[in-house]
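# Residue-level structure breakdown
This is what each chain is made of:
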Amino acid sequence: MRSLYLKLLRELWQMRGQVIAISVVIAGGMATLVMSFISLDTLTVTQDAYYKEYRFAHVFASLKRAPESLRERVEAIPGVQHLETRVVSGANLDIPDFGDPARGILVSLPDGRNAELNRLFLREGRLPDPVRAGEVVVHESFAQAHAFRPGDRIGAVINGRRQNLEIVGIALSPEFIYHVAPGELFPDFERLGILWMSRTQLAHAFDMDGAFNDLVLTLTRDARSQDVIDRLDLLLAPYGGQGAIDRNDQLSHRYLEIELEQLRVMATVFPAIFLGVAAFLLNVVLSRLINTQRDQVAILKAFGYGNWTVGMHYAQMVLVIIVLGLAIGTAAGLWLGQMLAALYQEFFRFPYLEFQLSPRSLAIGTVVTAAAGLLGTFSALRRAIALPPAEGMRPEPAPVFRPTVVERLGLQRLFSQPSRMILRNLERRPLKALLTVTGIAFACGILMLGNFQESAISYLIQVQYGQAQRDDLTVTFVEPTSRRALYELAAMPGVDLAEPFRATGATLRRGTASYRTAIQGMEPGTRLRRVLDDELRVVAIPSEGLVLNDFLAEHLDARPGDRVTVEFLEGRRETHEVHVAGVVREFTGVSAYMDMEALNRLMREGTSISGVWLSVTSDAHPEVVRTLKDVPRVAAVTDRLTAIQNFWDSMADIMLTYTFFTTLLAGSIAFGVVYNSARIALTERSRELASLRVLGFTRGEISFILIGELILLTLAALPLGYLVGMGLVAVIIATVDSELYRIPLFVPVHVFTFAATVVLFATAISSLVVMRRLNRLDLVEVLKSRE
């Protein structure tokens with residue numbers, strides 16, 4: 001056996017270029033899997049540990065005002081384990097050297113100590129002292145956006161009174177992993193801050209002494225959350241309860257779960273695609289590689305080696321290549337996975353990361369890759385071992401000569417002799433050509449898969465923030481107000497157009513399906529905010545009925561003409577049956593639209609509005625923003641350009657980082673595929689090409705025969721690769737839809753161009769390597785190798 005080991009080492013060294021190239025293909029698939037699962041496992045384990053250690057609540061409820069004595073009745077509800085009442089309210093913030101309006105959410109802390117539920121993780125400083133007025137702890141994201149440190153001061157208008165607040169601590173909370181301004185989908189850390197203040201001081205500021213307007217609670221293990229919520233809503237209804245929600249509906253947790261679910265899907269789909277492609281290519285490459293060594297198999301058998309020994313010899317060769325690829329892929333995946341997990345940590349503000357890599361991911365990658373390699377080896381070895389040694393040592397029988405299609409059509413005069421040799425070889429070995437084309441096509445397809453998402457997201461932003469939302473500023477009021485506010489804003493210098501809207505929270509139900517969202521009332525013919533259909537045409541909001549976006553309609557299984565139950569979560573909290581008037585496709589959010597007059601009529605609120613969309617001249621923009629900053633009833637001012645930047649800085653940034661990594665890995669696979677195809681073709685045809693050199697063909701002519709065939713196969717693979725890529729794109733789009741955004745099926749020309757360029761570049765590099773080896777071909781050695 002020692003001689004076989006020496007043979008194995010010698011052949012691995014002689015084939016080192018191909019060994020590395022095959023390992024790169026394996027490594028690309030394995031790295032994608034490890035990267036995806038290490039980031040997913042790390043975030044999931046970190047989330048669970050963070051929630052448990054800092055006691056993230058199970059149920060959340062907001063109300064107008066209730067006496068503290070109500071606490072005992074809530075605690076008596078079966079299933080309630082622990083309860084904490086709070087005071088929560090909003091405030092306008094005045095941040096030094098920051099001109100835009102900023103909004104703060106003030107949350108009370110028990111005097112002199114940390115909360116029992118939704119506990120704070122202090123990064124710096126300390127908790128507020130209840131004896132000292134104006135001390136607050138701020139959320140880390142807000143502090144970093146403005147470079148705040150303990151000891152800094154900010155101004156705040158709290159319940160109509162201006163106060164100076166001193167920052168004494170910087171903290172994180174499991175309740176605000178993902179926090180957004182009212183009506184927004186993506187976080188804006190500069191303009192929305194979470195601040196914690198001592199209960200006594202905050203209660204005194206809002207006349208809540210001995211009362212509360214918010215509570216959180218945890219449940220016992222055997223409790224059913226919906227039963228507790230139903231009982232809780234009955235108790236809080238007389239006190240202006242706005243409907244208790246389960247943890248699954250809590251905004252921060254809900255959006256975090258959406259992101260993790262998208263990552264979970266991508267961690268399944270992307271590695272499955274990459275490993276599937278790598279397994280297919282590995283099978284093809286190794287089958288062809290062993291077929292080139294049929295004479296060596298025959299010689300080993302002639303010297304007395306049994307079928308099992310010969311089979312194990314080649315299995316060891318395959319395992320060495322696989323282990324090398326798995327080692328490279330695992331190392332690269334660990335590095336990329338840690339980088340991706342750290343990016344998620346920064347965005348979601350986890351206080352720490354617990355890096356995890358479950359054995360299942362390594363096991364899956366190892367089993368799939370090893371099975372593909374050994375299967376390819378087995379199928380090729382079975383054919384070679386079945387041959388008697390004497391027959392196996394002979395060259396393969398020459399193919400039967402037949403005129404090619406070109407020759408039968410009489411077109412041979414249009415092609416040179418080397419060109420006819422290329423066409424003749426392809427026609428006589430169609431299966432081999434098809435496998436090569438298929439391999440290159442898959443490489444092209446996965447390159448498209450990684451690159452299309454940036455284009456799709458750019459298109460999403462162009463449609464959503466360029467054609468649907470065309471306002472410069474969105475002004476949202478603290479509470480619904482009279483229409484007079486519209487005229488006041490329209491009269492401001494520099495305001496070209498002002499259009500009102502009415503937004504109200506509601507739960508929509510149909511059958512067993514329900515969804516808690518906001519219904520947006522719009523006036524007919526609005527120009528600053530438009531609802532678009534699939535073909536980007538403006539949809540007129542009917543005078544009666546709801547218009548749902550496609551995500552919400554699918555969730556409720558509702559179609560035009562169906563009726564849905566609308567439970568309003570503010571005002572009189574009435575319930576109505578409303579018919580669905582239409583369904584429109586949107587790329588962001590989960591929205592329902594109504595005519596504003598019809599919505600106010602349902603709520604019996606006259607002509608109240610929730611906010612105004614403004615079109616402002618560029619020179620007046622800063623002054624309008626400064627003026628709105630000092631208006632007490634303004635809850636938020638959203639700049640459309642800022643919203644676009646927030647999108648890029650949040651969801652898009654994370655997704656594009658993931659796809660950038662996968663594109664790099666796809667490029668490595670593409671190069672490995674093309675290079676292996678070229679090297680195996682050289683090995684298979686070295687005797688034939690050497691014979692042509694002896695017969696008088698120049699180096700350029702035999703290089704043209706081999707490289708021309710590779711280029712022809714590559715060009716034939718590109719259209720098939722485009723079809724593969726579109727199929728993979730469709731799979732990704734179907735699997736990553738979420739409440740936050742849906743990726744449109746938009747694949748521009750440059751995505752196809754990029755994939756083709758990478759494949760052609762890999763072909764060019766491989767051709768140069770092959771030409772170099774052709775120029776160094778030992779004619780005598782090659783010609784006598786099978787004698």
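Heads up: the structure comes first, above all this text.
### A short note on the environment of L300
Its location among the elements puts L300 in helix α8 (residues 294-302). Overall, L300 belongs to the buried group, its relative accessible area being 10%. In this structure the C-alpha to C-alpha distance between L300 and S615, which are 315 residues apart in sequence, comes to 83 Å. Apart from residues no more than four positions distant in its own chain, L300 is found in contact with L4, K7, Y305 and V310.

### Section: the packing of helix α1 (residues 2-14) against helix α9 (residues 307-348)
Two elements in contact, α1 and α9, have axes whose closest approach is 11 Å; the angle formed by their N-to-C orientations is 40 degrees. With respect to each other, α1 and α9 are oriented oblique. Judged by the sense of rotation from one axis to the other, the crossing of α1 with α9 is right-handed. Contacts from L4, Y5, K7, L8, E11 and L12 of α1 reach α9 at T309, H313, Y314, Q316, M317, V320 and I321.

### Looking at the sheet that holds strand β2 (residues 80-86)
Pairing in this open sheet of four strands is antiparallel, and the strands run β2-β10-β1-β11 from one edge to the other. Looking along the sheet, the strands with just one partner apiece sit at the ends: β2 and β11 (245-246). Relative to strand β10 (residues 211-219), strand β1 (residues 59-67) is paired through six bridges, and the arrangement is antiparallel. Within β10, the residue paired with P67 across the bridge is A211. Taken strand by strand, helix α6 (residues 225-236) contacts β1, β2, β10 and β11, and its axis lies near 165 degrees from that of β10.

### Points about the packing of aromatic side chains
Summed over all chains, the structure comprises eleven aromatic pairs. Taking the centre distance of 5.5 Å and the plane angle of 65 degrees together, the rings of Y50 and Y54 count as edge-to-face. As far as burial versus exposure is concerned, Y50 and Y54 are alike and both buried. A ring pair is formed by Y54 and F121, whose centres lie 5.8 Å apart and whose planes are at 75 degrees; its orientation type is edge-to-face. With Y54 in the loop between α2 (16-53) and β1 and F121 in strand β5 (residues 121-125), this residue pair connects regions lying 67 residues apart in the sequence. Both residues of the pair, Y54 and F121, belong to the buried class. Three or more aromatic residues joined by ring pairs form one cluster here, namely Y50, Y54, F121, F350 and Y352. The side chain of R349 reaches across the aromatic face of F189, ending 5.5 Å from its centre.

### Focus: empty space enclosed by the protein
Per the stated rule, a full pass over the model turns up eight cavities of 30 Å³ or more. Of the voids in this model, the largest cavity is the one considered here, and its volume is about 260 Å³. Taken together, 25 residues line the largest cavity, and the ones lying closest to its centre are P101, R191, A636, V637 and T638. By residue class, the composition of the lining of the largest cavity is 13 nonpolar, five polar and seven charged.

### Describing helix α13 (residues 417-428)
When the terminal C-alpha atoms of α13 are compared, their 16 Å separation across twelve residues agrees well with the 16 Å that a helix rising 1.5 Å per residue should span. Residues of α13 that are buried include every one of P418, S419, M421, I422, R424, N425 and L426, and no others.

### Digging into the side chain of N600
In this structure, N600 sits in helix α17 (residues 596-603). You can call N600 buried: its relative accessible area is 3%. Not counting residues within four places of it along the chain, the set of residues in contact with N600 comprises R502, E605, G606, T607 and S608.

### Observations concerning the side chain of D562
Looking at the secondary structure, you find D562 in the loop between α16 (550-556) and β16 (563-568). Within the structure, D562 has its side chain in polar contact with the side chain of R510 (distance 3.4 Å). Within polar-contact distance, the side chain of D562 engages the backbone nitrogen of R559 at 2.8 Å. Each residue touching D562, except ones within four places of it in the same chain, is listed here: R510, D557, V578, H579 and V580.

So, how was this worked out
- Within each chain, residue numbers correspond to sequence positions counted from 1 in written order.
- Per-residue local features are limited, in this predicted model, to residues with pLDDT of at least 70; the limit for side-chain atom pairs, both in listing and counting, is 80 or more; totals at the level of whole chains, interfaces and linings are taken over all residues.
- Calculation of side-chain values draws on the structure's entire complement of heavy atoms; hydrogens and water are dropped beforehand.
- We count a stretch as a helix when DSSP gives it H or I for four or more residues in a row; a strand needs E for two or more, and each element gets its number in order from the N terminus.
- Throughout this description, buried means an accessible area under 20% of the type-specific maximum (1.4 Å probe, protein chains only), exposed means over 50%, and partly exposed covers the range between.
- Here a residue-residue contact requires only that any non-hydrogen atoms of the pair lie within 4.5 Å.
- Here the axes come from fitting lines to C-alpha atoms, over the contacting stretch only for helices, and the angles between their N-to-C directions go from 0 to 180 degrees.
- Orientation categories follow fixed angle ranges, with anything under 35 degrees roughly parallel, anything over 145 roughly antiparallel, 65 to 115 roughly perpendicular, and all other angles oblique.
- By definition, any crossing whose near helix is turned counterclockwise from its far helix by less than a right angle is left-handed, and any crossing with a clockwise turn is right-handed.
- In short, DSSP must find at least two bridges between two strands for them to pair.
- Each aromatic pair joins two rings of Phe, Tyr and Trp (for Trp, the six-membered one) with centres within 6.5 Å, and gets the label stacked for planes under 30 degrees apart, edge-to-face for over 60, and tilted for any other angle.
- Either the NZ atom of lysine or the CZ atom of arginine qualifies as a charge over a ring when it sits within 6 Å of the ring centre and within 35 degrees of the ring normal.
- Only protein atoms enter the 1 Å grid used here, on which a cavity is any set of points holding a 1.4 Å probe that cannot leave and a pocket is any open set flanked by protein within 12 Å on both sides along at least five of seven lines; residues with an atom within 4 Å of a point are listed as lining.
- Grid points are joined across faces, edges and corners, and a volume is the space filled by probe spheres set on the points.
- Residues are grouped as follows: Ala, Val, Leu, Ile, Met, Phe, Trp, Tyr, Cys and Pro are nonpolar; Asp, Glu, Lys and Arg are charged; all remaining types, including Gly, are polar.
- One less than the number of residues in a helix, times 1.5 Å, gives the span that helix is expected to have.
- Counting of polar contacts relies on pairs of N or O atoms within 3.5 Å, with two restrictions inside protein: one atom must be capable of donating a hydrogen and the other of accepting it, and residues adjacent in sequence are counted only when both atoms are side-chain atoms.

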